[in-house]
Amino acid sequence: MYTETVQTVRHWTDRLFSFTATRNPGFRFISGQFTMIGLTVNGKPLLRAYSICSAHHEDHLEFFSIKVPDGPLTSHLQKIQPGDQLIVGAKPTGTLIQQNLKPGKTLYLLSTGTGLAPFVSIVKDPETYELYDHIVLAHGCREIAELGYGEQIVNNLLNDEFFGEIAREKLLYYPTVTREPFRNNGRLTALFEQGKLEADLGLAPLNKETDRVMLCGSPQMLDDLQNLLISRGFTEGSHHTRGEFVIEKAFVEK
Ligand code: A2P
């Protein structure tokens, strides 16, 4: 375990916030992995799995969290301030890593809600852009305000002095909301069933020969999208066998 110091906190909506913390130089991870993080509550460490949003080359840690009013950890975590201590587990792990996927041309990063978190790390990682022609970052939320964190990450990348050029060439951002009018509306499942998401981005319909998919969201979203991929011949990759898609549950506290 490491003890880190919270540096910045930003509240995006009454349900979502992101924060940064110091990073021990000895803490190594692969972009897309998660680790246990938490606080000391009533004298004991209280930890939950959190995907790491920062890329492996960054010198700080970043996380994106839901706020559950009576959630054992998030009811405390949502009150953190710069200078507070954060416990960070020293053993990151997870399936959303390039080693579990066969080589491909387009990488689809499909998330709902806080499932965006591991993909923030992946789109910030220069190696992702060496491996694919296009990286699609699709994020489904109920409301426009919930897209704020993802929008800021993408805007920063597109305008980055060093990274902007390759990001503008390869990164395709597709935010969609389900409960108010927006330029993209509908669940990711429906958008793929209609072939609309690919068409809107000027890409060919989803195809296992060229496309690789990473999924992170609620259990129901994962089930539905996994079934859609399997029906199109995609196979799941793991640490043992590379596949055309990989899955991780977004760690939402019930
Ligand atoms: P909807 O508004 O139609 O429920 P949540 O905040 O509940 O985790 O939802 C985040 C987003 O994921 C919402 O836009 C929600 O749409 C959508 N969603 C919920 N279930 C699924 C599913 N099975 N497949 C795809 N998207 C889903």
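One can find the structure itself at the top, above this paragraph.
Residues numbered from 1 in each chain as written. Predicted model: local features only at pLDDT ≥ 70, side-chain atom pairs only at ≥ 80, totals over all residues. Heavy atoms only, no water.

### So, the site of the ligand
The immediate surroundings of the ligand are formed by Arg15, Thr112, Gly140, Cys141, Arg142, Thr178, Arg179, Arg187, Thr189, Gln220, Met221 and Asp224. Contacts to the ligand include Arg142, whose side-chain N or O atom sits 2.8 Å from an oxygen atom. Sorting elements by how many residues they give to the shell around the ligand places helix α8 (residues 219-231) first, with three residues. Residues of the shell around the ligand, tallied by class, amount to two nonpolar, five polar and five charged. (Near = heavy atom within 4 Å. Polar contact = N/O pair within 3.5 Å; in protein donor to acceptor, adjacent residues only side chain to side chain. Helix = DSSP H or I, 4+ residues; strand = E, 2+ residues; numbered from the N terminus. Nonpolar A, V, L, I, M, F, W, Y, C, P; charged D, E, K, R; others polar.)

### Quick notes on the sheet that holds strand β3 (residues 34-41)
Pairing within the open sheet is antiparallel, and its six strands lie in the order β4-β3-β6-β1-β2-β5. Because the sheet does not close on itself, it has two edges, and the strands there are β4 (44-51) and β5 (60-66). Looking at each pair of strands side by side, their axes are set apart by 40° on average, direction ignored. With four bridges joining them, strand β1 (residues 2-11) and strand β6 (residues 85-88) adopt antiparallel strand pairing. Looking across to β6, one finds that Tyr2 is bridged to Val88. (Pairing = 2+ DSSP bridges. Axes fitted to C-alpha atoms, helices over the stretch in contact; angles between N-to-C directions.)

### As for the pairing of β5
The element β5 is extensively covered by neighbouring structure, given that seven of its seven residues are classed as buried. The alternating pattern of β5 places His60, Glu62, Phe64 and Ile66 and Leu61, Phe63 and Ser65 on opposite faces, both of which are buried. Bridge count between strand β2 (residues 16-22) and β5: seven bridges; the pairing is antiparallel. Paired with Phe17 across the two strands is Ser65, which belongs to β5. (Buried < 20%, exposed > 50% of the residue type's maximum accessible area, 1.4 Å probe, protein only.)

### A short note on the sheet that holds strand β9 (residues 171-177)
Strands sit in the order β9-β8-β7-β10-β11 across an open sheet of five strands; the sheet is parallel. The outermost strands of the open sheet, each flanked by one partner alone, are β9 and β11 (245-249). Mean inter-strand twist for the sheet, computed between neighbouring axes without regard to direction, equals 10°. By the bridge criterion, five bridges tie strand β10 (residues 211-217) to β11 in an arrangement that is parallel. From the neighbouring strand, Gly217 faces β11, where its bridge partner is Lys249. With respect to the sheet, helix α4 (residues 148-158) is in contact with β8 (134-141) and β9, its orientation differing from that of β9 by roughly 160°. α8 contacts β7 (106-112), β10 and β11 of the sheet and is inclined by roughly 160° relative to β10. (Contact = heavy atoms within 4.5 Å.)

### Brief notes about the pattern of salt bridges
Taken as a whole, this structure holds five salt bridges when the rule is applied. The partner of Glu146 in a salt bridge is Arg15, with the nearest N and O atoms 2.6 Å apart. Taken together, the residues span a long stretch of sequence, with Glu146 in the loop between β8 and α4 and Arg15 in the loop between β1 and β2 at a distance of 131 residues. Using a relative accessible area of 29% as the deciding quantity, one classes Arg15 as partly exposed. Between Asp200 and Lys196 there is a salt bridge; the shortest N-O distance is 2.9 Å. Of this pair, Asp200 and Lys196 both sit in helix α7 (residues 196-200), four residues apart, which is roughly one turn of the helix. Taking relative accessible area as the criterion, Lys196 reaches 34% and is therefore assigned partly exposed. It is possible to trace a salt-bridge network through shared partners that takes in Glu58, Glu62 and Lys124. (Salt bridge = Lys/Arg side-chain N within 4 Å of Asp/Glu carboxyl O.)

### Considering the environment of His240
Within the secondary structure, His240 sits in the loop between α8 and β11. Judged by relative accessible area, which is 77%, His240 ranks as exposed. For the pair His240 and Asn100, spaced 140 residues apart in the sequence, the C-alpha separation amounts to 7.8 Å.

### Side note on the side chain of Thr35
For Thr35, the location among the structural elements is in strand β3. Separated by 2.8 Å, the side chain of Thr35 and the backbone oxygen of Gly89 make a polar contact. What Thr35 contacts, discounting residues up to four positions off in sequence, is Phe27, Arg48, Ala49, Tyr50, Ile52, Val88, Gly89, Ala90, Lys91 and Pro92.

### Thoughts on unusual backbone geometry
The phi dihedral of Asn42 falls on the positive side, at around 50°, and the residue is not glycine. Taking relative accessible area as the criterion, Asn42 reaches 77% and is therefore assigned exposed.

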